[in-house]
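Results of the structural survey
One letter stands for each residue in the lines below.
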Amino acid sequence: MRHTITEKVIHGLMCLSTYIIVFVIGYIIFNIVWNGLPVINWEFLTGMPRKSGTEGGILPAIIGTFLLVLGAITIAFPLGMAAAVYLSEYASQGRFTRTIRLAIVTLAGVPSIVFGLFGLGLFVIFLGFGASLLSGCLTLACMILPTIIASSEEALRTVPQLFREGSLALGATKWQTIYKNVLPYSVSGILTGSILSVGRAAGETAPILLTVAAFYLPKLPKSIFDQVMALPYHLYVLATQHPDIDKALPMQYGTALVLLVLVLGFNLAAILLRIHVRKKYRW
Amino acid sequence: MWKEKTIKLILLSTASTSILIVLLIFGFLGKEAAPFAVSPGLRELLSSRWVPVSFQKESFGILPLITGSLLITAIAIFLTIPFGVGASVYISELARTKEREILKPFIEILTGIPSVVIGFFGLVVVVPLVKSVFHLQTGLTALSGAILLALMAIPTVISISEDALRSVPESYKSASLALGASKMHTIWKVTVPAALPGIITAVMLGTGRVIGETMAVLMVTGNAAVITASPFASVRTMTATIAAEMGEVAFGSAHYRALFCVGVVLLLATFALNMTAYKVLKKYRMG
């Protein structure tokens, strides 16, 4: 009898620890939505910041984040996808392949602030791009590359071997097989992984802190060599560097909500796409 | 035929960019950090004071930063393990199917929340809470940072340990149950031990994430560069130091070089941790 009581207690504790986590997640989202929603209006989303960010809107930060993410994915997507095609379709089990895989694992584990230092050293200083949109995009691209490779490779591997063999047996070359018979069936899976990494890039602060982000810049960028504001950095600045806490707090909540909606929106899109793909292709 | 070969070559070279980037990261961090060894010299890093800006004498001892990172990481892992392992066992072994299908994606949301938003939440909710619960002067403490870091590590730990728990063959559990062991007994004596390498890997990868995390700790730990073991003291981590100070240093100064040295230490630490986790995971999957 005592035995079953202990078991019930352990069962209860594990259930409790799970639901504490669920509660905290729920509370984070609730807190930000509840306090952020009253701040959101047309002016907030489309206006320029005024009085060092306590009034006006966050348009330059939204545009900045949008451009950074667009640039990063434009650079990283083709590279990552091509690398995944090589690893999944061509690579043999040799030392070179192992080195590539090791490099990808290493890259995935590099802390984001170290990417920032790297971007500062290589793009900002050595290549002379300065603190600019270009440096920021390149730094973010390096950061999301391993995620894109890993998820694309996984998507390619789910295409059954028969698809390749059928095409090859009909006399198609290896590239024709990949292009016509493998890629079309894995493209949605590849996109899913890429959308997830876009969400990650949009929320990152540390890499852009050192390579692109401007403290307060109430205008829109004109070229890729301009500095831009970005949502996560704007939130950080408002939350920690601002002397007038009472005035800045609503703006902080508003910015946090916009950022959260943006990032979770990307995640949701990826999840929906994944469900859609699983329904569409079954083999 | 040449077309096929060209395509293969192009794909091969794109795959090699990962190697190139890794080499460039090590190369450029090393390049910017190396002059520090000449002047003021590497011995300077071993001092116990981090006073990068001073009228008398600057001091670049990274020990307080390393102990700061270690303290926060240790507390965070201490919080992560019971919650992470408890929840992953619950989700994979005890929860009903419907419940599991809701719990998994819901906890995955946490991975998506940007660290700066977690930091902001920490600043407006966790910091005042820590201050009032423990009757402190300020809530900007190592503990506050560790709580936020635990929140960020928990989804990683849950997702990887859950995979490990689920890959334990059903026959192990059936055999244990057939011998008359209870469900809970089977979980703790058969399933969890069988999945242990996976769970350990999960915790190591979670630790890697915690050590490298920047924004949340920068915002809530108070950033005092002191050597302490108290969770209620304000501490400064390696990551926060780089993020907070790099914007204000003169290019090429000793302070600038010192921050790159901190970056090198951070890079090597996470590299070692991830490589070990990778090796464990690989061995485990093979076996």
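Above this text is the structure in question.
In what follows, the accompanying structure is described. (Residues numbered from 1 in each chain as written. Chains lettered and ligands numbered in written order. Predicted model: local features only at pLDDT ≥ 70, side-chain atom pairs only at ≥ 80, totals over all residues. Heavy atoms only, no water.)

A look at the overall build of chain A
The number of helices and strands found in chain A is 11 helices and two strands. In chain A, the succession of α and β elements from N to C terminus is α-α-β-β-α-α-α-α-α-α-α-α-α. Judged by the C-alpha coordinates and their principal axes, chain A covers about 75 × 70 × 35 Å. Considering only contacts in chain A between residues 6 or more positions apart, those separated by 24 or more positions represent 75%. Surface exposure of chain A reaches about 13,100 Å², of which carbon and sulfur atoms provide 68%. The average position of the 20 basic charges and that of the 11 acidic charges among the side chains of chain A differ by 9 Å. (Helix = DSSP H or I, 4+ residues; strand = E, 2+ residues; numbered from the N terminus. Contact = heavy atoms within 4.5 Å. Areas by Shrake-Rupley, 256 points an atom, 1.4 Å probe, with all protein chains shown as cover. Lys, Arg positive; Asp, Glu negative; His and termini not counted. Charge placed at Lys NZ, Arg CZ, Asp CG, Glu CD.)

Things to note about the interface of chain B and chain A
In this complex, chain B contributes 72 residues to the contact, which on the side of chain A involves 77 residues. Where chain B packs against chain A, one counts zero salt bridges. If you look at where chain B meets chain A, you find five residue pairs in polar contact (both at pLDDT 80 or more). Element by element, the count of residues in the side of chain B that touches chain A is highest for helix α1 (residues 2–33) of chain B, at 19 residues. (Salt bridge = Lys/Arg side-chain N within 4 Å of Asp/Glu carboxyl O. Polar contact = N/O pair within 3.5 Å; in protein donor to acceptor, adjacent residues only side chain to side chain.)

Section: the nonpolar core
Ranked by internal contacts, the top residues of the largest apolar core, which has 166 residues, are A:Leu68, A:Phe118, A:Tyr236, B:Ile25 and B:Met246. Beyond its immediate sequence surroundings of up to four residues, B:Met246 is in contact with A:Leu117, A:Leu120, A:Leu210, B:Thr241, B:Tyr256, B:Leu259 and B:Phe260. (Core = buried A, V, L, I, M, F, W, Y, C linked by side-chain atoms within 4.5 Å. Buried < 20%, exposed > 50% of the residue type's maximum accessible area, 1.4 Å probe, protein only.)

Some points on the environment of A:Ile195
Residue and element names in this part refer to chain A. With respect to the element layout, Ile-195 can be found in helix α8 (residues 174–203). Considering only alpha carbons, one finds Ile-195 and Asn-267, 72 residues apart in sequence, at a separation of 7.2 Å. Those residues in contact with Ile-195 that lie beyond four places of it in its chain are Phe-266, Ala-269, Ala-270 and Leu-273.

Concerning the side chain of B:Thr241
All names here are of chain B. Tracing the chain through its elements places Thr-241 in helix α10 (residues 238–245). Polar side-chain contacts of Thr-241 include one of 2.6 Å to the backbone oxygen of Thr-237. Once you skip the residues sitting within four places of it in the chain, Thr-241 turns out to touch Trp-50, Leu-65, Arg-236, Met-246 and Leu-259.

Things to note about the environment of B:Leu79
Of note, B:Leu79 is situated in helix α3 (residues 63–94). Sequence separation between B:Leu79 and B:Ala150 is 71 residues, and the spatial gap between their C-alpha atoms is 6.2 Å.

What about α10(B)?
Among the eight residues that make up α10(B), seven are buried, leaving the element largely enclosed by the rest of the structure. Turning to α10(B), its buried residues are B:Met238, B:Thr239, B:Ala240, B:Thr241, B:Ile242, B:Ala243 and B:Glu245.

Regarding a nonpolar patch on the surface
There is a patch of nonpolar side chains on the surface, built from A:Ile5, A:Val9, A:Leu13, A:Leu16 and A:Ile20 and spanning about 450 Å² of accessible area. In this fold, A:Ile5 is placed in helix α1 (residues 2–36). (Patch = residues over 30% accessible without salt bridge, like charges linked within 9 Å, V, L, I, M, F, W, Y side chains within 5 Å.)

Looking at the packing of aromatic side chains
This structure, assessed with the given rule, holds 18 aromatic pairs over all chains. Consider the rings of A:Phe129 and A:Phe225, whose centres lie 6.3 Å apart with planes at 55°: the pair is tilted. In this pair, A:Phe129 is assigned in the loop between α5 (112–126) and α6 (133–157) and A:Phe225 in the loop between α9 (206–211) and α10 (231–240), connecting sequence segments 96 residues apart. Among the residues examined, A:Phe129 registers a relative accessible area of 23% and is labelled partly exposed. Taking relative accessible area as the criterion, A:Phe225 reaches 48% and is therefore assigned partly exposed. Grouped by ring-pair contacts, the aromatic residues A:Phe23, A:Tyr27 and B:Phe121 constitute a single cluster. (Phe/Tyr/Trp six-rings, centres within 6.5 Å; stacked < 30°, edge-to-face > 60°.)

Notes on the environment of A:Phe96
Here A:Phe96 is to be found in helix α4 (residues 95–109). What makes A:Phe96 partly exposed here is its relative accessible area of 38%. Residues in contact with A:Phe96, not counting those within four places in the same chain, are A:Tyr86, B:Leu12, B:Ser16 and B:Ile19.

Concerning the packing of helix α5 (residues 115–133) of chain B against helix α6 (residues 142–166) of chain B
All names here are of chain B. Closest axis-to-axis distance for the α5/α6 pair is 9 Å, and the angle between their directions is 135°. Here α5 is positioned oblique relative to α6, judged by the angle of their axes. The handedness of the crossing between α5 and α6 is right-handed. Here Ser-115, Ile-118, Gly-119, Gly-122, Val-126, Val-127 and Val-130 of α5 come into contact with α6, specifically with Leu-143, Ser-144, Ile-147, Leu-148 and Met-152. Class assignment for the residues of the contact of α5 with α6 results in eight nonpolar, four polar and no charged. (Axes fitted to C-alpha atoms, helices over the stretch in contact; angles between N-to-C directions. Parallel < 35°, antiparallel > 145°, perpendicular 65-115°, else oblique. Left-handed = near helix turned anticlockwise from the far one by under 90°. Nonpolar A, V, L, I, M, F, W, Y, C, P; charged D, E, K, R; others polar.)

Observations concerning the side chain of B:Thr73
By secondary structure assignment, the location of B:Thr73 is in helix α3. Setting aside chain neighbours within four positions, we find B:Thr73 in contact with B:Thr207, B:Val210 and B:Ile211.

So, the pattern of salt bridges
If you walk through the whole model with that rule in mind, you get 11 salt bridges over all chains. A:Glu89 is paired through a salt bridge with A:Arg164; the nearest N and O atoms lie 2.7 Å apart. On the criterion of sequence distance, the pair formed by A:Glu89 in helix α3 (residues 59–90) and A:Arg164 in helix α7 (residues 161–169) is long-range, its members being 75 residues apart. Given a relative accessible area of 10%, A:Glu89 falls into the buried group. Overall, A:Arg164 belongs to the buried group, its relative accessible area being 8%. Between B:Lys31 and B:Glu32 there is a salt bridge, with the nearest N and O atoms lying 2.9 Å from each other. One salt-bridge network, held together by shared partners, links A:Arg101, A:Glu153 and A:Arg157.

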